[in-house]
Amino acid sequence: MNEPPSFLAPDASGSNTASQVTISHSNNPAKSTFATDLPGDEHPNDASPLDGTTRPITFQDRARGVWANCTLSEFSGSLGDLGTLLPILVSLSIKGQISLRASLIFGGLYNIITGLMFGIPMCVQPMKAIAAVALTSNMPQNQIVTAGFSVSAIILVLGITGTLRVLNLVIPLPIVRGIQFGTGLTLISNGVLTIQKSDAWQFAGHAWLDNYFVAILAFLVVLLSWNGRKNPSAVILFAVGIIISAIKIWGLHLGGKTMPDPTPAFGFPRPVVPSGDDFKEGFLNAGLGQLPLTALNSVIAVSQLANDLFPKMPRPVASVTRVSIGVGLMNIVGMWFGSMPFCHGSGGLAAQYRFGARTGVSMYLLGFLKLLLGLIFGSTLLALFSLIPNSILGVMLVAAGVEIILITRDLGTRDTTARIGGGRGGYQVYDGRRGIVDDNFAIMVLTGCGTSFWKNDGVGFCIGLVASIALWVARCAGAGDQEVVGARTWYQGAYGAARRDVASKWVEIRGGEKVARGEMPKGQEAYREDTRLSSIAV
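In this text the structure is predicted, and so the values were computed from the model without any measurement.

1. So, the packing of aromatic side chains
Tallied over the entire structure, the rule returns 12 aromatic pairs. Measuring from centroid to centroid gives 5.0 Å for Phe-203 and Phe-213, while their planes differ by 45°, and the two rings are tilted. Pair noted here: Phe-203 is in the loop between helix H8 (173-196) and helix H9 (212-224) and Phe-213 is in helix H9, with a separation of 10 residues, a long-range link. Judged by its relative accessible area of 37%, Phe-213 is partly exposed.

Here it is in C-alpha cells:
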C-alpha cells in the first residue's frame, strides 16, 4: 500500500521510485544537569558554567547567566504577546468578569515559573475560547474561572499519564504545521481588524493619536528591526502606546468616570468560592470548547514550535509532558482569586521570539513587571491599558502571525523530509516518489484555513485528518503491491512506537526515582526513543 501523505516525503534527489524505506533517529541527545528536569526531558536552560567545565550548575552560575541575558532584546521580546493579552484582559475586566489585579499577579507568577521550567520565552496567554464565550454570553466570574480550572485539570491528567505524548507521536506533522499556520492566519486577521478599529485616516481632535499613520509608523519600526541582532521594537511600541494612553487620560481626560485614573492602591485579590453548578456550567459552556484548543495548540503545537525556533538546543526543547504539566498547574491556584484562565500558545511563543526574546530571562522580566503592577496598582490600570492605540496592538499581532507562518514553510519544499509519527520523536522516512510533499503542503493549508476560519483548532484538526486520509486513499487506487509495504511501515514506525511509549513512561519515572536515591547515575534513567527502533528496511 502507498504510505499516508502526512508521514512520508521524497528524498532530495526527487526520484519517483524507491525500493527501500529507511527509518533513522539521532542517537546523541544531550542531557541537562538541572534539578528541574523531568525524566526523559533534555533541554538547556538560561545559564551555564562560565568556566567551560561540565560541573553541575550552581546558583551563582544561574544568577550570572540571568544577569548576562538582561538585555534590551529580552525585555522587548517579553512584551511581544501584549497584542493578544491586553484586549482580552481589558474586555473581561471592564465587565467585572475577572479580577485585573489577580490576573496580573498570577500571570506574573506563571511567567516566572515558566521561565524557570523551560529556559526559553514560553508565553503565558489567555484561554481564548473561554474568553470568547465569556464575552458573548456575559458569563459570570465563577464560571469563567471554573472553566479554566477544569481544562487545566484534564490536561494535567493527560500529560502525567503520557496520553498527550502518545498523541504527539501519531498526529501527522502537516496537521501540526496546519494548526500553526491557522494560528498565524488568525493573528494576522485579528491584527488587521484591530487596526481597523482605529480612527482610519482622520486627524481631527485626538484622532491623530490612533490612526492608520500610527500603524504605518509602527510597521516601519518592526520591519527595521526584523533581522537585527538586537530587536527593541516591542519596547519602542509599548512605550509609545503607554505615552499616548497617558496623554489621553491626563491630557484629554478620556478615561471616563467608570475607569479611575491609575493610582497606587496596594492590595491582594479577594478569594472566590465557586459552587458545584459553577463547575458544571463553566466546563460545559466554555471549557469543553477550550479543551481541544489547549491540547493541540497550547501543548502539541507549542512543543513542535520550540524545536523549530531553537534548532541548536537538544531535543525536545520543551517536551509535550513538561508543557502539559505546566498548563495543568497554571489555573489550580489562580482560579480561587478570580484570575483569568491562562495557558501556553504557539502564537505567543512566536511573538516573543520575533520581538527579540531568546531565553527564560524575558519571562522573569515580564513576570516581575506584572507582579509589581498587580500588587501596587491593581485594577486602577484598566484605563491605561484600555487606551493603548489599537493601531499599535494590531501591528504587534500581525508581526506575530507572520513569524509563526514562516515556521511552516518547510513543508513547501521538494527536499523536505517528513517523519513517521509527526516528526517529534518519530523516525525519519525517506521516500523517492514525487507528490507526497505537495500533499503534505495541501493538508497543512486545509488544516490552517479550517483552524482560522472557524476559530477552532479542533475543527482544523478534523479537516486535516480527513484530507490526509482522502489523499492517501486517492494514491492507493493505483499503487499496486506497494500499498502493503507503506501501511506496514507506517504502522510499525508510528503506532508501534506509540504503544510502547505508555509502558516506557513508567520506566522513566522509576529511573528518575533511582537517580534521586543515588542508585543510578543521572543520564541513564531516561527512556530514549532512539533505542526503540533503530532501522527498518523493506
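2. Re the environment of Ala-357
Residue placement: Ala-357 occurs in the loop between helix H13 (346-354) and helix H14 (361-376). Note: C-alpha distance between Ala-357 and Thr-71 (286 residues apart in sequence) is 9.3 Å. If sequence neighbours within four positions are ignored, Ala-357 has contacts with Ser-73, Glu-74, Gly-77, Ser-78, Pro-121, Gln-352 and Ser-362.

3. Some points on a nonpolar patch on the surface
Taken together, Trp-201, Phe-203, Trp-208, Phe-213, Ile-216, Leu-217, Leu-220 and Leu-224 make up a surface patch of nonpolar side chains, about 910 Å² in accessible area. Here Trp-201 shows up in the loop between H8 and H9.

4. Details of helix H16 (residues 390-407)
The terminal C-alpha atoms of H16 lie 26 Å apart, and with 18 residues this matches the ideal 26 Å at 1.5 Å per residue to within 8%. With 15 of its 18 residues buried, H16 lies for the most part within the structure.

5. A short note on the environment of Tyr-353
Structurally, Tyr-353 can be placed in helix H13. Along the sequence, Tyr-353 and Ser-76 sit 277 residues apart, while their C-alpha atoms lie 9.6 Å from each other. The residues contacting Tyr-353, other than those within four sequence positions of it, are Leu-309, Phe-310, Arg-358 and Glu-403.

6. Considerations on the pattern of salt bridges
For the structure on display, the rule yields two salt bridges. Across the pair Arg-177 and Asp-308 runs a salt bridge whose closest N-O atoms are separated by 2.7 Å. Of this pair, Arg-177 sits in helix H8 while Asp-308 sits in helix H11 (residues 276-309); the two residues are 131 residues apart in sequence, bridging distant segments of the chain. On the basis of relative accessible area, Arg-177 is assigned to the buried category, the value being 2%. For Glu-403, the salt bridge goes to Arg-354, with nearest N and O atoms at 2.6 Å. Of this pair, Glu-403 sits in helix H16 while Arg-354 sits in helix H13; the two residues are 49 residues apart in sequence, bridging distant segments of the chain. The class for Glu-403 is buried, based on a relative accessible area of 5%. Relative accessible area serves as the criterion here: at 10%, Arg-354 is assigned to the buried category.

7. Quick look at the side chain of Ser-452
Within the secondary structure, Ser-452 sits in helix H17 (residues 436-454). A residue is classified by how much of its surface remains accessible, and Ser-452, at 10% relative accessible area, is buried. Ignoring sequence-local partners within four residues, the contact set of Ser-452 consists of Gly-182, Leu-185 and Thr-186.

8. Here we look at unusual backbone geometry
Across residues other than glycine, the phi torsion is negative in most instances, and most of the peptide bonds are trans. Residue Pro-316 is bonded to the preceding Arg-315 through a cis peptide linkage, with omega at -10°. The residue Pro-316 is located in the loop between H11 and helix H12 (320-334) in this model. Phi is positive for Lys-455, which is not a glycine, with a value near 55°. Note that Lys-455 resides in the loop between H17 and helix H18 (457-476).

9. A look at the nonpolar core
Soluble globular proteins tend to bury their nonpolar side chains together. In terms of nonpolar packing, the biggest core is built from 78 residues, with Ile-120, Ile-155, Val-323 and Met-340 touching the most fellow members. Excluding anything up to four places from it in sequence, Ile-120 contacts Ala-306, Phe-310, Met-313, Val-317, Arg-358, Thr-359, Gly-360 and Met-363. Listed in part, the nine residues of the second largest apolar core include Val-176, Leu-296, Ile-300 and Ile-443.

10. Looking at the side chain of Asn-111
Here Asn-111 shows up in helix H4 (residues 100-118). Residue classification places Asn-111 among the buried residues on the basis of a relative accessible area of 0%. Setting aside anything within four residues of it in sequence, one finds Asn-111 in contact with Val-124, Met-363, Leu-366, Gly-367 and Lys-370.

Calculation rules
- Residues numbered from 1 in each chain as written.
- Predicted model: local features only at pLDDT ≥ 70, side-chain atom pairs only at ≥ 80, totals over all residues.
- Heavy atoms only, no water.
- Phe/Tyr/Trp six-rings, centres within 6.5 Å; stacked < 30°, edge-to-face > 60°.
- Helix = DSSP H or I, 4+ residues; strand = E, 2+ residues; numbered from the N terminus.
- Buried < 20%, exposed > 50% of the residue type's maximum accessible area, 1.4 Å probe, protein only.
- Contact = heavy atoms within 4.5 Å.
- Patch = residues over 30% accessible without salt bridge, like charges linked within 9 Å, V, L, I, M, F, W, Y side chains within 5 Å.
- Areas by Shrake-Rupley, 256 points an atom, 1.4 Å probe, with all protein chains shown as cover.
- Salt bridge = Lys/Arg side-chain N within 4 Å of Asp/Glu carboxyl O.
- Expected span 1.5 Å × (residues − 1).
- Core = buried A, V, L, I, M, F, W, Y, C linked by side-chain atoms within 4.5 Å.

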